[in-house]
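# Overview (structure and organization)
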Amino acid sequence: MSEHNIYKDIFERIQDAIVVVDLEFNILQWNAAAENKYGWQLSEVMGKSLHDVFKLSSYVDRATEREMANSLANNSVWNGEINQPDKNGNLLTVEAFFSLLKDSENKHIGFVSIFRDITEKKEDEHLLLEYRQRLEENNRRLEKANELKNQFLATTSHELRTPLNGIIGFLNLVLQGVAHNKDEENKFLNLALSSSKHLLKLINDILDISKIEAGKLRLESEIVNFEELWSEVAGLIEVQTNEKGIYLHYTALPEGNVFVNADRARCKQVLLNLLSNAVKFTNEGGITFTVEQFPQRGYVEFSVVDTGIGIPKTAQHRLFKMFAQVDSLLGRQSGGTGLGLAITKSLVEKMGGVISLESEGIEKGTRVVFRLPIGTQKEKLHTATQPSAPQHATPTNEQLPLIYIIEDDVMYSTLIRDVFEDSGAYRIHSVTTADEALPEIIEMKPFVILSDYALPSASGANLSNGFDLLKKIREIPALTRTPFILMSGHSDICREVEEFDGEGNVTKAFVKPIDIHQLVQTVKNFSSEPVTEHA
């Protein structure tokens, strides 16, 4: 084999793209690797400018172009990283090497360029950089969380010792006979009792936080007469406001009693937390507590407004976080672990409500608003946050249209059941999982199906959510036209559901919190429309 053929064989076999150009950068030759990498055959690019084929002006900046020209003029070589498009427009990152070519008489005749594809390498480097940045961010968050926990432990340790020292100190005074008379002895004992109650509250807060973080906080929900609950809370708060010389105004509803679906003890705890907090940080003026019902929206709104020290807007987002206090100096002046609002938020949300806070800033007071599901006097809710067995409503008339409910949130399920049962026009049946619902729906053929999207499911369950259930139901000929209403906290899921089953207008989706009036009207509309079953 001649030397020429050896070189040609090497030229074609090498894995990097090799392109030979003249002094004007017009392409004279490129190897098989270049054809495979870029997608052009040599015949398609022969004589064309390298600048035009690879659109160098678009992908190589001017500074790099000047550096390349200077290096080739002075040193006859240049290497660096550039971007190149292939025939299909895919952008490649290559490591480029240019070297000046000379003929046998040492005249400059062109350049040979070698391009090594490093696209995957650069992508890997980018991913590694992203992972490193995420890791660093996670480490910063962990360090911050650890710092907050350490701060919390230090604060809690101090807060626990303070009442404990009071208990020990006052009891020792009594035991040592320091009291000069019975009145003084009672004074010491009452102070010890007050310290012990404060200590108990701190311990309860810590236990509540532990249960909340472990997901083990259980609530027993019932229909709570708020006026009765307020009479208990008001007496305790008035003692505090009277001691500070500030007012407590309660704006009652003209229609009388207000009922909410809530855990009575936890609802009382929420009220005491918010009102006591308002008293703690209010030295002049007072507190206004307002209650307002929104029956059509299904909730009662409570508002606590104080004229106290206010909260900087930049710090308000921290208020409901665990182990964090808005102002550690104020916290130390007023006492407390900073857990109250974090616990309050968790309790409100576990009772199916929401809570928010706003303040115009320092010395401008604070307003806290929370909402709880509205209730009726009709009946108590069943056991609360995690029902162990499905609850079934007893139908009063087997001839009435059946509304089938799949909802694991007992408060929502009961609210819906109460609304439709009270109308006297429907009978109700309810369960908590999609797998449990499907065979019953096939057998009972309900008039309307109401399902939550997020449903509990055991390991290996066939249906994990309400959307899965809808898809399965629509596969059954007898149920293809059965009205189906899905409820979800995510608007995008609701859109997807209605798009999936858009024809025939028998599938609706509601974003939580649902408008009860609109839900009732939707069911009524189904009642007035003929529903055709396919055999």
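Scroll up a little and you will see the structure.
So, here is what we can say about the structure in this document. (Residues numbered from 1 in each chain as written. Predicted model: local features only at pLDDT ≥ 70, side-chain atom pairs only at ≥ 80, totals over all residues. Heavy atoms only, no water.)

### What to know about the nonpolar core
Convention followed: Side-chain atoms within 4.5 Å are what join buried Ala, Val, Leu, Ile, Met, Phe, Trp, Tyr and Cys residues into a set we call a nonpolar core. Relative accessible area decides the class of each residue, using a 1.4 Å probe on protein chains only: under 20% of the type maximum gives buried, over 50% gives exposed, and in between gives partly exposed. Only DSSP runs of H or I reaching four residues or more are called helices, and only runs of E reaching two or more are called strands; each is numbered from the N terminus. Throughout, a residue-residue contact means that at least one pair of heavy atoms, one from each residue, lies within 4.5 Å.
Counting residues in hydrophobic clusters, the biggest one holds 66 residues, and the most contacted among them are F226, F289, F302, F370, L372, F420 and L450. At seven residues, helix α10 (residues 264–280) tops the list of elements feeding residues into this core. Those residues in contact with L372, other than ones at most four positions away along the chain, are V260, A262, C267, G298, Y299, V300, F302, V348, M351 and G353. In this structure, F25, V45, V53 and W78 belong to the second largest nonpolar core, which totals 27 residues.

### With respect to the sheet that holds strand β12 (residues 366–373)
Hydrogen bonds along the backbone pair up the strands of a sheet, which may run parallel or antiparallel. The following threshold applies: Only strands joined by at least two bridges in the DSSP assignment are considered to pair. Simply put, an axis is a line fit to the C-alpha atoms, just over the touching stretch for a helix, and the angle between two N-to-C directions goes from 0 to 180 degrees.
Sheet architecture is open: five strands sit in the order β7-β9-β10-β12-β11, paired in mixed fashion. Two strands in the sheet have a free side with no partner beyond their single neighbour: β7 (247–251) and β11 (354–358). Across this sheet, the average inter-strand angle for adjacent strands is 15°, counted without regard to direction. With eight bridges joining them, strand β9 (residues 286–294) and strand β10 (residues 299–306) adopt antiparallel strand pairing. By the bridge assignment for β10, I287 is matched with D306.

### Observations concerning the packing of helix α14 (residues 434–444) against helix α15 (residues 466–473)
The cut-off we apply is this: For classification purposes, angles smaller than 35 degrees are called roughly parallel, those larger than 145 roughly antiparallel, those between 65 and 115 roughly perpendicular, and all remaining angles oblique. Take the far helix as the reference: if the near one is turned anticlockwise from it by less than a right angle, the crossing is left-handed, and if turned clockwise, right-handed. Each residue receives one of three labels: charged for Asp, Glu, Lys and Arg, nonpolar for Ala, Val, Leu, Ile, Met, Phe, Trp, Tyr, Cys and Pro, and polar for the others, Gly being one of them.
Relative to each other, α14 and α15 sit at 25°, their axes nearing to 10 Å. Classified by the angle between their axes, α14 and α15 sit roughly parallel to one another. Taken as a pair, α14 and α15 cross one another with a handedness that is right-handed. Across the interface between the two elements, A434, A437, L438 and I441 from α14 touch L469, K472 and I473 from α15. Of the residues that constitute the contact of α14 with α15, the class distribution is six nonpolar, no polar and one charged.

Shape descriptors only; they carry no functional weight alone.
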